[in-house]
Structure formats: C-alpha cells, structure tokens
Amino acid sequence: MGGSSRQAYLDAMGITAWVRLDAGGEARATNVSAEASESLVRHAGEGRHPETVVEPLDSGVRRNDASGEPATGELNWDELKARVSVCTRCAELAATRTQTVFGVGDHNAQWMVIGEAPGAEEDRQGEPFVGRAGQLLNNMLKAIGLQRETVFIANMIKCRPPGNRDPLPEEIANCSDYLQRQVALLSPKIILAVGRISAQNLLKTSEPLARLRGKVHRLGDVPLVVTYHPAYLLRTPGDKAKAWTDLRFARDVAEGRRS
Ligand code: SF4
C-alpha cells in the first residue's frame, strides 16, 4: 500500500500525522496524547512475551443422536451456514432475531476477525461489523494493507442479544461449536479478537483487555492477538493509537516477524 493511501486510512481511523522514527519501521503519532504515546512504547515491549495457549473452544462435536445428522465438526461451509440459520439452541435469541449472522469473507482467508455478537444493524443486514463500527474496522484493516473481502469476519455468537446486552455465558457456550468449526474450516494464520467479550471468552480468562493486548496468545495452533472493538473506539477515540499498535503487532505475528 502506498504511503498516501495508508495515511488516508489512518486519517479515517482518527490517527493522523504518523512519522517514521527509525529504519525498522517503528512509527508514532505526532498528535496523540503523551499518555497514548507512552502506551505505544509500553505495549511494544510487552509484545515480546508469548502469553497463554488455550485449547480450541470445545470439542466441536455435537452429534444429533435423535436425528442422526452429522456433527457440527463434520460440516462443510454451506452445511454449517444452513445449520446455523435454523438454530434454536438459545430460545430467546432465536425468537427475537431477524436472522442469524453467520460471518462473511474469504473462505481461504489468512486472517480471521472475531467479535462479540451482532448488533441491530448486523441483525437487519445479516452481516457482521456493518454500520459505523464496521466502517472503522474496514479502515483499521486497510491501514495494515488488508481489504475486508480478504479476511473472514465472525462473532462469538450468531444471533443478536435483545437490546444489545452482553451475550450470556450459556449463549456463548451454545454457539461455540459453530465458531470452532469456522476456525477449523478456515485454518487462519492469525485470529484478531476484537473487544473484551471476544478476547476473554476465546482465551477463557477474566483478565482485563488492557492486560491481554500486546501478547501472542494461541487458540489451539492459531496465534491470537487482542485489540479493542471498533464500537469502543468510536466512543473512546483516544485509544485508537493503541489499536494501531495492536494491528501492526498482529501483522508482524501473521508475517512471522513475532511469535
Ligand atoms: S446464538 Fe448461536 S447457538 Fe444461540 S440460537 Fe443463535 S446460532 Fe444458535
């Protein structure tokens, strides 16, 4: 990506006037607060230490013995999407959703982005990360040279919680084998967990998001990096500089420069 093009996406993220500081490509914003600038250094240092290794979500095997249908872990993309579309495991969500939000993107993608749950607009459109938060995610991806169409984007759960409440633990558990099958089918080079709910549930931890950033976690064999949810960044633009740090860190991990 050309410098001017990247600058345009950084501008769209609200991070302007990035300048090179050294030949190694480290950069910093000239217009972020002293606190944010300090955090760039602090988290760059943290990134050298591999963190937790977490087993994949669950067994991924749920054979419907009554119907004799194949287990979730045996389904292909089309079969999995069809099964999710009629799922009623979470009675409240199944009754209140407009439609399921399976996920979208390239089935051969090297990057997988995992968020929390569909919101109102996602529920209407049937696609994750649309609206203003989706636009910001697109710009975040573009800033590191990725087009939305070239990654796969999904959520922990596939149905909108009413009133945009947090997903319940049992809803995340109900939906986990679908997500696990998506991860297995995709076999991505890296997972980017966006937001606290996604990060804590994927990593099976209650650690605050700030402590999970800047480290390489693993979900099974797949490296996993944590960053802020774009909806949070819209409310807290001062943290966009930290998200930019996370994205560059994730890119380094995906390209084998960090492990
Ligand atoms: S959230 Fe997942 S498990 Fe629950 S009803 Fe929707 S698709 Fe089924």
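Above this note sits the structure.
Let me sum up the structure you'll find in this document. (Residues numbered from 1 in each chain as written. Predicted model: local features only at pLDDT ≥ 70, side-chain atom pairs only at ≥ 80, totals over all residues. Heavy atoms only, no water.)

With that settled, the discussion passes to the pattern of salt bridges. Overall, the coordinates contain 12 salt bridges when judged by the stated rule. Put simply, R196 and D166 hold a salt bridge, and the shortest N to O gap is 3.5 Å. Residue R196 is located in helix α8 (residues 196–203), and its partner D166 is located in the loop between β6 (152–155) and α7 (169–186); the two are separated by 30 residues in the primary sequence. Under the relative-accessibility criterion, R196 is labelled partly exposed at 42%. Among the residues examined, D166 registers a relative accessible area of 39% and is labelled partly exposed. A salt bridge links K242 to D239; the nearest nitrogen and oxygen atoms lie 3.4 Å apart. For the residue pair K242 and D239, the accessibility class agrees, reading buried in each case. By sharing partners, the salt bridges in this structure join E92, R165 and E171 into a single network. (Salt bridge = Lys/Arg side-chain N within 4 Å of Asp/Glu carboxyl O. Helix = DSSP H or I, 4+ residues; strand = E, 2+ residues; numbered from the N terminus. Buried < 20%, exposed > 50% of the residue type's maximum accessible area, 1.4 Å probe, protein only.)

With that settled, consider the layout of surface pockets. Each pocket or cavity is described by its volume, and for the largest pocket that value is around 540 Å³. For the largest pocket, the lining is made up of 25 residues, of which E116, A117, H229, A231 and R235 are closest to its centre. For the lining of the largest pocket, the elements supplying multiple residues, two or more each, are α5 (120–125), α6 (131–143), α8 and α10 (230–235). (1 Å grid on protein atoms, 1.4 Å probe; cavity = no way out; pocket = protein on both sides within 12 Å on 5 of 7 lines; lining within 4 Å. Points joined across faces, edges and corners; volume = space filled by probe spheres on them.)

Moving on: the packing of aromatic side chains. Per the stated rule, a full pass over the model turns up three aromatic pairs. Where W77 meets F152, the ring centres are 5.0 Å apart and the plane angle is 40°; that geometry is what we call tilted. Of this pair, W77 sits in helix α3 (residues 77–85) while F152 sits in strand β6, placing them 75 residues apart in sequence. With respect to burial, W77 and F152 carry one shared label: buried. Ring centres of Y228 and Y232 lie 5.0 Å apart, and the angle between their planes is 20°; this geometry places the pair in the stacked category. Given a relative accessible area of 25%, Y232 falls into the partly exposed group. Members of the aromatic cluster, joined through ring pairs, are W77, F102 and F152. (Phe/Tyr/Trp six-rings, centres within 6.5 Å; stacked < 30°, edge-to-face > 60°.)

Our focus in this paragraph is α3. If you check which residues of α3 are buried, you get W77, L80, R83 and V84. Along the long axis of α3, the arc covered by the buried residues comes to 130°, so they all point the same way. Contacts from the buried residues of α3 go to β6 and α7. If you check the start of α3, you find a side-chain oxygen 3.1 Å away from the backbone N of D78, and it comes from N76. (Arc of directions from axis to C-beta. Contact = heavy atoms within 4.5 Å. Polar contact = N/O pair within 3.5 Å; in protein donor to acceptor, adjacent residues only side chain to side chain.)

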